[in-house]
Amino acid sequence: MANKVKVRICVGTSCFVMGAAQIQSLEFNAPADIAEQIEIVEERCMNLCKDVKTKYNNGPFVFVNDELVEEATYEKVVNKIREEIKKSC
Amino acid sequence: MLIPKNNANLMRTKILIKLAESYLQDKFAQADRIPLELRPKDMQSSRCCIYKDRAVLKYRCMAGLGHCPEEEQDELITLKEYGEQALERKEAPKNKLSVIDIACSACVKSQYVITDVCRGCFAQPCRLNCPKEAISIIKGRAHIDPDKCVNCGKCFEVCPYHSVVKIPVPCEEACPVGAITKDESGKEHIDTEKCISCGKCLASCPFGAIVERSQMIDVMREIKETDKHVVAMLAPAISGQFPGSLNALVGALKKFGFSDVIEVAVGADITTQKEAAEFVERMEDGKPFMTTSCCPAYFRAAQVHIPEIKPFVSDTKTPMYYTAELVKKEAPDCVAVFVGPCLAKRAEAEWDPNVDYVLTFEELGAMLVAAGINVDECEEIPFNKISHVQGRQFPVTGGVAGAVASLVGDKFDIRPEKIDGLTKENIKLLKRYATKGGENNMLEVMCCEGGCVSGPGCIALSKKAARAVDAYAQTGEVLKEDTKIG
């Protein structure tokens, strides 16, 4: 088995309020096929929201390995994790 | 544990952020763009078309501005005008949960349906057990006549093939006190006499059709447009709601414009002392048991729906009450704003002369996001008044009873029981306690399962929040009977 997939969830105030908090449920109920293969990290604000005034519309931001997921939801992140696992197989 | 917030709930957060931003930018001049921004033309609609989505969003914005969609007089009033009206009102909008009728999908009333799994058996227990003769066999399959069905569920129980399914109406299922029911057209309505403002219907509606009136705009106006001293009173469930330290959160709130920030855990310490003393007194008087009183949804449920338990409810006031009392004693002219996870606190605040406004964590979050404030990067400012372990434990189930028990000590044999979640079943349990008694003498009642950390106004996951609450409590000093507070 290759290295674990690193899931970095931004917990800056903007991302957290916009729904990153809900994505943290990956820590408790990740689907069985990926649960053992992920490492979840709380990331401080990465300033991705600061580019444009209304850029927070694109949050929450999550990195799955080096892939950025914008407007991240639990579902989007899970799909991206599966793609990453497939890549490393 | 499932993902607690669905799209409908997350959309509410976005609406609040947009409204806060609209106020801060140009006092709602562009507010009518919000529904369009949230549902742009190229986006897939979640209802019949994007135009209906936008119409629903407009009503949800109205609620975010503190108006009640049910009281709409003229459909042509714009969000800009609603925003301006919100800025003119001098009093907090009255707490009220209401249904946006065009958003309510009028979930099917008949709650039992026979599926294809039905084998059209010879025994036909469904038909025989139906008390209303609502079931007939058509083309070898059982059918329920919805006009005759009374939703007793007998067919569901007796079918040997489990072919009968129950289709619940989520809001009715969630409401512990039967306050939400259908009208002739199948749309839901909330009976304000029965409603305990717990917010369970709001959290459960898959269509986001239930809204409550926000006071966010009123608080922002007090901060930005008056010279008043606006004090934020942070409920003990605040731990874990905003990543970054609590002291940085104080810095963030001051940066937004609050004059002062105090922990409601300080008031919870007072509640602990008084409630422990009250418990011992009641037990020595020979009373069979006492229940807590700090959950406002339970307190109201006791008044309206479980009158038999009223004599056993503690007379001690809530942490919010004592905190606001401290705040107003020091600065009588200040504006006291409670910030918490709870919708029922809005109802409680209407009875409390010292509390001016109530915000949820979600609303506070929307304000910070709109103002571009990241808590983690703010200056760390300590609290002036220090709370103790016990007061900090309040928002997790078992915390209040544990706090009281710690001060009762060996003065009386205290046997606490957690009533974790005000469900229909637990209301029956409380009624049984009131009439027949039970084996325990201290009942802690939390309307939200898991405690306040699971409240409808929370941002963080309850599990993570509960850990943060616990970690913060461990850093505090232990409260004693004679500890001087404030």
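First things first, this report covers the structure right here in the doc. (Residues numbered from 1 in each chain as written. Chains lettered and ligands numbered in written order. Predicted model: local features only at pLDDT ≥ 70, side-chain atom pairs only at ≥ 80, totals over all residues.)

1. Things to note about the overall build of chain A
Then step 1. Within chain A one finds 4 helices and 4 strands.
Then step 2. Listing each helix as α and each strand as β along chain A from the N terminus yields β-α-α-α-β-β-β-α.
Then step 3. Counting over 89 residues, chain A shows a buried share of 38%.
Then step 4. In chain A, the proportion of contacts linking residues at least 24 apart, taken out of those at least 6 apart, comes to 67%. (Helix = DSSP H or I, 4+ residues; strand = E, 2+ residues; numbered from the N terminus. Buried ≥ 20, exposed ≤ 12 C-beta atoms within 10 Å, placed from the backbone. Contact = placed C-beta atoms within 7 Å.)

2. What to know about the overall build of chain B
Then step 1. When helices and strands are tallied, chain B shows 19 helices and 15 strands.
Then step 2. Computed over its C-alpha atoms, the radius of gyration of chain B comes to 24 Å, within 12% of the 23 Å expected for a compact globule of 486 residues.
Then step 3. Projecting the C-alpha coordinates of chain B onto the three principal axes gives extents of approximately 75 × 65 × 35 Å.
Then step 4. If you take every contact in chain B between residues at least 6 apart in sequence, the share linking residues at least 24 apart comes to 76%. (Rg over C-alpha atoms; globule rule 2.2 N^0.38 Å.)

3. Side note on the sheet that holds strand β9 (residues 230-234) of chain B
All names here are of chain B.
Then step 1. Here we have 4 strands laid out as an open sheet, ordered β10-β9-β12-β13, and parallel in their pairing. Where the open sheet ends on each side, the last strands, each with one partner, are β10 (260-263) and β13 (357-360). On average, each strand axis in the sheet is inclined to that of its neighbour by 25 degrees, with strand direction left out of account.
Then step 2. Both strand β12 (residues 335-340) and β13 contribute to a ladder of 4 bridges, which runs parallel. (Pairing = 2+ DSSP bridges. Axes fitted to C-alpha atoms, helices over the stretch in contact; angles between N-to-C directions.)

4. Some details on the pairing of β10 of chain B
A regular strand places its side chains on the two faces of the sheet in alternate fashion.
Residue and element names in this part refer to chain B.
Then step 1. Of the strand pairs in this sheet, β9 and β10 are connected by 4 bridges, and their pairing is parallel. Bridge pairing links V231 to D260 in β10.
Then step 2. You can see the chain leave β9, run along helix α10 (residues 246-256) and come back into β10, and the turn it takes is right-handed. (Right-handed = clockwise from strand over helix to strand, strands pointing away.)

5. Things to note about the packing of helix α1 (residues 13-23) of chain A against helix α15 (residues 361-370) of chain B
Then step 1. Two elements in contact, α1 of chain A and α15 of chain B, have axes separated by 9 Å at closest approach and are oriented at 135 degrees. Accordingly, the angle class assigned to the pair α1 of chain A and α15 of chain B is oblique. Seen along the crossing, α1 of chain A lies across α15 of chain B with a hand that is left-handed. Along the contact surface, α1 of chain A presents T13, S14 and V17 of chain A, while α15 of chain B presents G365, A366, L368 and V369 of chain B.
Then step 2. Its residues placed into classes, the contact of α1 of chain A with α15 of chain B shows 4 nonpolar, 3 polar and no charged. (Parallel < 35°, antiparallel > 145°, perpendicular 65-115°, else oblique. Left-handed = near helix turned anticlockwise from the far one by under 90°. Nonpolar A, V, L, I, M, F, W, Y, C, P; charged D, E, K, R; others polar.)

6. Digging into the interface of chain B and chain A
Accessible area lost upon the coming together of the parts serves often as the stated size of an interface.
Then step 1. Taken together, the 22 residues of chain B in the interface contact 19 residues of chain A.
Then step 2. Secondary structure elements with two or more residues in the side of chain B that touches chain A: α1 (7-26), α15 and α19 (462-474) of chain B.
Then step 3. Of all the elements, α15 of chain B adds the most residues to the side of chain B that touches chain A, at 4 residues.
Then step 4. Within the side of chain B that touches chain A, the residues separate by chemical class into 15 nonpolar, 3 polar and 4 charged.

7. Some details on the pairing of β12 of chain B
Residues and elements named next belong to chain B.
Then step 1. In terms of burial, β12 is a largely internal element, 6 of the 6 residues being buried.
Then step 2. Residue alternation in β12 divides its side chains into two sets, V335, V337 and V339 and A336, F338 and G340, and both sets are buried.
Then step 3. One ladder, built from 5 bridges, connects β9 with β12; its direction is parallel. Among the inter-strand pairings, A232 is bridged to a residue of β12, identified as V337.
Then step 4. As a crossover connection, the stretch from β12 through helix α14 (residues 344-351) into β13 is right-handed.

8. Things to note about the sheet that holds strand β1 (residues 5-10) of chain A
All names here are of chain A.
Then step 1. The sheet built from 4 strands is open, its strands ordered β2-β1-β3-β4 with mixed pairing. The sheet is open, and its two borders are formed by β2 (38-43) and β4 (67-69), each paired with just one other strand. Strand-to-strand twist of the sheet, defined as the mean angle between neighbouring strand axes without regard to direction, takes the value 20 degrees.

Such coordinate-based values are descriptive only and should not be taken to indicate function.
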